[in-house]
Amino acid sequence: MAIAHDYLTQRGGAERVVLSLSRAFPDAPIYTLLYEPDQTYDEFRGKTIITSPVNRVAALRTDHRSALPVLPFAASRMRIDADVVVVSSSGWAHGFDTTGYRLVYCYSPARWLYQTDVYLGESSSAIKRLAIRMLGPALRRWDRAAALGCDRYLAISSAVRDRIAATYGLDSTVVSAPVIPPPAPSGTADAPAGVPVRPYHLCISRLLAYKNVDAVIDAFRGTDEHLVVVGRGPEADRLRATAPDNVTMLCDLTDAEMGWLYEHCTAVIAASYEDYGLTPLEGGMRGKPCAVLRWGGFLDTIAEGVNGVFFDAPDPMSIRAAVAEIATRDWDAEQIKAHVAHFGEETFIKEIRNLVSEAVVTRGAERT
């Protein structure tokens, strides 16, 4: 057994999935292009991590987007000698050279190749757009060839299943990503610095254009409600410069601090074009409702009126209306927790182990 992932250089939902895969197969080494221990989850320090040669370049470990021109070559030269490889990928690891059965857990076909305008947003530099336009045709050829060389695809949501079919012409099986309960706060000591005592709504997101965090911030502009935004990314400086006084922006929090924020927030807000969307479910583990965009993965996990409400467009007025609707409803915290429990890690690990067992049988039959 082996596990493959694009790069371990950040703390996000995909990296949490890799940790769950590692708990399912604790002896499996993890192959990845880039690994920066200080920027991702500490649990990886106890794992066997095998990286590509580009990992020697420190600048690429801290900014994986700048490595784009060399990553196809690096991915093609990653060789994994294992009977079964569980591949966690949104763009690169499905192209690793493997000797065994490749079972791909796909978060989405690469956004920068097939949803470029959504991925970059209006604020992206002309240089970045030009680079993707020039590299795009060759990268799409490489990407499709890599996908067609895999044995089976799993999709994180029904929206991604449909996108895999449209992009690659491949069938896939939906396996919902695991939701890990945020740590229970031990007390006020876990409260992040700068968080107001007053009630607040919570938005946790990478600060990328397609996450629409700017629209969430604008929804709270000029209101008496408070918003806490947690995340880092290319949009961070612009958002901090324009955020109103009733918006607190944080980053690089500990798990305990994140648990404290979930425990004490009023609701979780997400306006991003998510292929799955973990943060509303993590809030649901604490019995918190959510307001989310009626799109993509949220359609699989949010039951309207049970654990959240939808808004139809990622614009400030629609978000503000959804936040107001949350306040008018009586939410049952235990009902929210029961709904979210269906997406727990135990269910995910059981499904993945069953799929790997099927792969082992298939691999054995091929050898026979």
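For clarity, every value in this text was computed on a predicted model and none was experimentally measured.

Cut-offs and rules
Residues numbered from 1 in each chain as written. Predicted model: local features only at pLDDT ≥ 70, side-chain atom pairs only at ≥ 80, totals over all residues. Heavy atoms only, no water. Helix = DSSP H or I, 4+ residues; strand = E, 2+ residues; numbered from the N terminus. Rg over C-alpha atoms; globule rule 2.2 N^0.38 Å. Contact = heavy atoms within 4.5 Å. Lys, Arg positive; Asp, Glu negative; His and termini not counted. Charge placed at Lys NZ, Arg CZ, Asp CG, Glu CD. Pairing = 2+ DSSP bridges. Axes fitted to C-alpha atoms, helices over the stretch in contact; angles between N-to-C directions. UniProt positions renumbered as here; feature names shortened; annotations may be inferred. Core = buried A, V, L, I, M, F, W, Y, C linked by side-chain atoms within 4.5 Å. Buried < 20%, exposed > 50% of the residue type's maximum accessible area, 1.4 Å probe, protein only. Parallel < 35°, antiparallel > 145°, perpendicular 65-115°, else oblique. Left-handed = near helix turned anticlockwise from the far one by under 90°. Polar contact = N/O pair within 3.5 Å; in protein donor to acceptor, adjacent residues only side chain to side chain.

Visitor: Got a minute to help me understand the overall build of the protein in this structure?
Guide: The helix and strand tally for the protein stands at 15 helices and 15 strands. In terms of overall size, the protein behaves like a compact globule, its C-alpha atoms giving a radius of gyration of 20 Å where 368 residues would be expected to give roughly 21 Å. Each principal axis of the C-alpha distribution contributes one length, and for the protein these read about 65 × 45 × 40 Å. Long-range pairs, those at least 24 residues apart, make up 63% of the contacts in the protein between residues at least 6 apart in sequence. Positive and negative side-chain charges of the protein, numbering 38 and 45 respectively, have mean locations separated by a distance of 6 Å.

Visitor: Whenever I open this one, the sheet that holds strand β1 (residues 2-5) confuses me. Can you help?
Guide: The pairing of strands in a sheet comes from backbone hydrogen bonds and takes either a parallel or an antiparallel form. Reading across the sheet, the 7 strands line up as β3-β2-β1-β5-β7-β8-β9 and stay open at both edges, with parallel pairing between neighbours. Each edge of the sheet is formed by a strand with only one pairing partner; in this case those strands are β3 (49-51) and β9 (172-174). Across the sheet, the mean angle from the axis of one strand to that of its neighbour is 25°, orientation sign disregarded. With 3 bridges joining them, strand β2 (residues 30-32) and β3 adopt parallel strand pairing. Each bridged residue has a counterpart across the sheet, and for T32 the counterpart in β3 is T51. Contacting β1, β2, β5 (84-89) and β7 (101-106), helix α1 (residues 13-24) crosses the sheet at an angle of about 175° to β1. Contacts from helix α7 (residues 158-168) reach β7, β8 (152-155) and β9 within the one sheet, and its direction differs from that of β8 by about 140°.

Visitor: It is not clear to me how the side chain of E36 should be interpreted in this structure. Could you clarify?
Guide: Mapped onto the elements, E36 comes out in the loop between β2 and β3. Not counting chain neighbours up to four residues away, the residues in contact with E36 comprise L8, T9 and R61.

Visitor: Quick question: what am I supposed to make of the UniProt feature "domain: Glycosyl transferase family" (unreviewed entry) in the protein here?
Guide: Mapped onto this numbering, the UniProt entry annotates "domain: Glycosyl transferase family" (unreviewed entry) at residues 199-330. The distance separating the terminal C-alpha atoms of residues 199-330 is 17 Å; by composition the span is 37% helix and 17% strand.

Visitor: For this particular structure, what's the right way to read the environment of A24?
Guide: Note on placement: A24 falls in helix α1. Discounting residues that sit within four places of it in the chain, A24 has contacts with I349 and R353.

Visitor: Would you mind showing me how to read the nonpolar core here?
Guide: Considering soluble globular proteins, one finds that nonpolar side chains tend to be buried as a cluster. Judged by nonpolar contacts, the single largest core of 74 residues is most densely connected at L33, F44, W92, F96 and Y105. When sequence neighbours within four positions are dropped, the list of residues in contact with F96 reads A4, H5, Y31, T32, L33, A75, M78, I80 and R102. Of all hydrophobic cores here, the second largest spans 25 residues; its members include C203, F220, M249 and F311.

Visitor: Looking at this structure, I do not really get the packing of helix α8 (residues 213-220) against helix α13 (residues 316-328). What am I missing?
Guide: If you want to describe how two helices pack, look at the angle between their axes and the distance between the axes. It is the contact of α8 with α13, at a shortest axis distance of 8 Å, that shows an interaxial angle of 60°. Considering the angle they form, α8 stands oblique to α13. Our pair here, α8 against α13, has a crossing hand that is right-handed. Between α8 and α13, the contacting residues are A215, V216, D218, A219 and F220 on the first element and P316, I319, R320 and V323 on the second.

Visitor: Would you explain unusual backbone geometry in this entry?
Guide: If a residue is not glycine, its phi is most likely negative; likewise, a peptide bond is most likely trans. Its identity as a non-glycine residue notwithstanding, N212 has a phi of 60°, on the positive side. With respect to the helices, strands and loops of the structure, N212 is situated in the loop between β10 (201-204) and α8. Overall, N212 belongs to the buried group, its relative accessible area being 12%.

Visitor: Got a minute to help me understand the side chain of N307 in this structure?
Guide: Position of N307 among the secondary structure elements: in the loop between α12 (298-301) and β15 (308-311). Exposure remark for N307: the relative accessible area of 1% places this residue in the buried category. Among the polar contacts listed, one links the side chain of N307 to the backbone oxygen of T301, at a separation of 3.4 Å. Discounting chain neighbours no more than four positions away, the residues touching N307 are L281, K288, P289, C290, T301, I302, W331, I336, H339 and V340.

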